[in-house]
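The primary structure of each chain is shown beneath.
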Amino acid sequence: GSACRGCLKDGLMRADFAEVLKAQPNPQELCSANRLVELFGASLARSLEALRMRVAQLSVAPAALLDAALDGSTGDGVGGLRGVAAALGSGVLSTALRREALLWHPAAAARRLCPRVAAERLALVACAADGPLTEAALVVHALANLGAYIAWEGG
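What counts as what
- Residues numbered from 1 in each chain as written.
- Predicted model: local features only at pLDDT ≥ 70, side-chain atom pairs only at ≥ 80, totals over all residues.
- Heavy atoms only, no water.
- Helix = DSSP H or I, 4+ residues; strand = E, 2+ residues; numbered from the N terminus.
- Contact = heavy atoms within 4.5 Å.
- Areas by Shrake-Rupley, 256 points an atom, 1.4 Å probe, with all protein chains shown as cover.
- Buried < 20%, exposed > 50% of the residue type's maximum accessible area, 1.4 Å probe, protein only.
- Patch = residues over 30% accessible without salt bridge, like charges linked within 9 Å, V, L, I, M, F, W, Y side chains within 5 Å.
- Salt bridge = Lys/Arg side-chain N within 4 Å of Asp/Glu carboxyl O.
- Core = buried A, V, L, I, M, F, W, Y, C linked by side-chain atoms within 4.5 Å.
- Axes fitted to C-alpha atoms, helices over the stretch in contact; angles between N-to-C directions.
- Parallel < 35°, antiparallel > 145°, perpendicular 65-115°, else oblique.
- Nonpolar A, V, L, I, M, F, W, Y, C, P; charged D, E, K, R; others polar.
- Expected span 1.5 Å × (residues − 1).
- Polar contact = N/O pair within 3.5 Å; in protein donor to acceptor, adjacent residues only side chain to side chain.

Q: Before we move on, could you go through the overall build of the protein and cite the residues and values that matter?
A: A tally of helices and strands in the protein yields ten helices and zero strands. At a minimum sequence separation of 6, the contacts of the protein that also span at least 24 residues come to 59%. For the protein, the accessible area works out to roughly 8700 Å², and carbon and sulfur atoms hold 59% of it.

Q: Can you tell me about the environment of Arg14, naming the residues and giving the values?
A: Inspection of the secondary structure puts Arg14 in helix H1 (residues 11-22). Residue Arg14 is classed as partly exposed on the basis of its relative accessible area of 28%. A C-alpha to C-alpha distance of 9.7 Å links Arg14 and Phe40, two positions 26 residues apart in sequence.

Q: Which residues make up a nonpolar patch on the surface, and what values go with them?
A: Together, Val139, Leu143, Leu146 and Ile150 make up a nonpolar patch on the protein surface, roughly 400 Å² of accessible area in all. At the level of elements, helix H9 (132-144) and helix H10 (146-154) are the ones that each hand at least two residues to the nonpolar patch. Among the secondary structure elements, Leu146 is positioned in helix H10. Among the residues examined, Leu146 registers a relative accessible area of 44% and is labelled partly exposed.

Q: How would you summarise the side chain of Thr134 if you had to cite specific residues and measurements?
A: You can see Thr134 is positioned in helix H9. Thr134 has contacts with Ala96, Ala128 and Ala129, leaving out every residue within four places of it along the chain.

Q: Break down the nonpolar core for me, with residues and values.
A: Membership of the largest hydrophobic core comes to 36 residues, with the highest contact counts inside it found for Leu97 and Leu113. No other element matches helix H8 (residues 115-127), which puts eight residues into this core. If near-sequence neighbours (up to four positions away) are discounted, Leu113 is found in contact with Leu102, Ala118, Ala148, Tyr149 and Trp152.

Q: Let's hear about the packing of helix H2 (residues 33-56) against H9: which residues, and what values?
A: A packed helix pair is summarised by two numbers, namely the angle formed by the two axes and the spacing between the axes. In the contact formed by H2 and H9, the axes pass within 11 Å of each other and the chain directions differ by 85°. What the angle tells us is that H2 and H9 run roughly perpendicular. Only Leu133, Ala136, Ala137 and Val140 of H9 make contact with H2, whose side of the interface consists of Leu44, Ser47, Leu48 and Leu51. In the contact of H2 with H9, the residues fall into seven nonpolar, one polar and no charged.

Q: Give me H2: which residues, what numbers.
A: Since one α-helical turn is 3.6 residues long, residues separated by three or four positions face the same way. Compared with the 34 Å implied by 1.5 Å per residue over 24 residues, the 34 Å span of H2 between its first and last C-alpha is a close match. Buried within H2 we find Arg35, Leu39, Ser43, Leu44, Ser47, Leu48, Leu51 and Val55. Those residues of H2 that are buried are in contact with H1, H8 and H9. A side-chain oxygen of the first residue of H2 lies 3.3 Å from the backbone nitrogen of Asn34; this N-cap is Ser32.

Q: Quick rundown of the environment of Ser43? Include the residues and the values.
A: By secondary structure assignment, the location of Ser43 is in helix H2. Ser43 has contacts with Met13, Asp16, Phe17 and Val20, leaving out every residue within four places of it along the chain.

Q: Hey, could you go over the pattern of salt bridges for me, with residue numbers and the actual values?
A: Going through the model one piece at a time under the given rule, you end up with seven salt bridges. Across the salt bridge formed by Arg46 and Asp16, the nearest N and O atoms sit 2.2 Å from each other. Of this pair, Arg46 sits in helix H2 while Asp16 sits in helix H1; the two residues are 30 residues apart in sequence, bridging distant segments of the chain. The salt bridge partner of Glu120 is Arg116, with a shortest N-O separation of 2.9 Å. On the criterion of helical spacing, the pair formed by Glu120 and Arg116 is a turn pair, its members being four residues apart in helix H8. A relative accessible area of 30% places Glu120 in the partly exposed class. Salt bridges sharing partners connect three or more residues here, namely Glu29, Arg35 and Glu38.

Right, here's the structure in full:
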């Protein structure tokens, strides 16, 4: 496990991918790199969908998380993080959420990043476990909202 890189560093992702591989009726197909990539993509998609389901089951709407980050903002990130933590009603915050750039610069991010996209991003990191799957989920989110992220980065 420790020699794995990328998404496969995540134990749950490795276990899911192993189950996908075991379920293949024709082990000979696993000799093809294309087939392995296809199966890994399906496994990754399932993991990302599970994360999206956790976002959908949040007790607070993504827009309310963004409002909490902005309302609690003291300009140093701590207030925004406290606001989000209070809105979530959780004392345990993931490293991904504690490091989220939108919390450390919420006022600037809210002005420049589309509020819907910012709210979705906060909800995503609020529901994500620490690890490479979170990074993959943020990349997928950025690609799905590429125009908003380009405008945000371009200032």
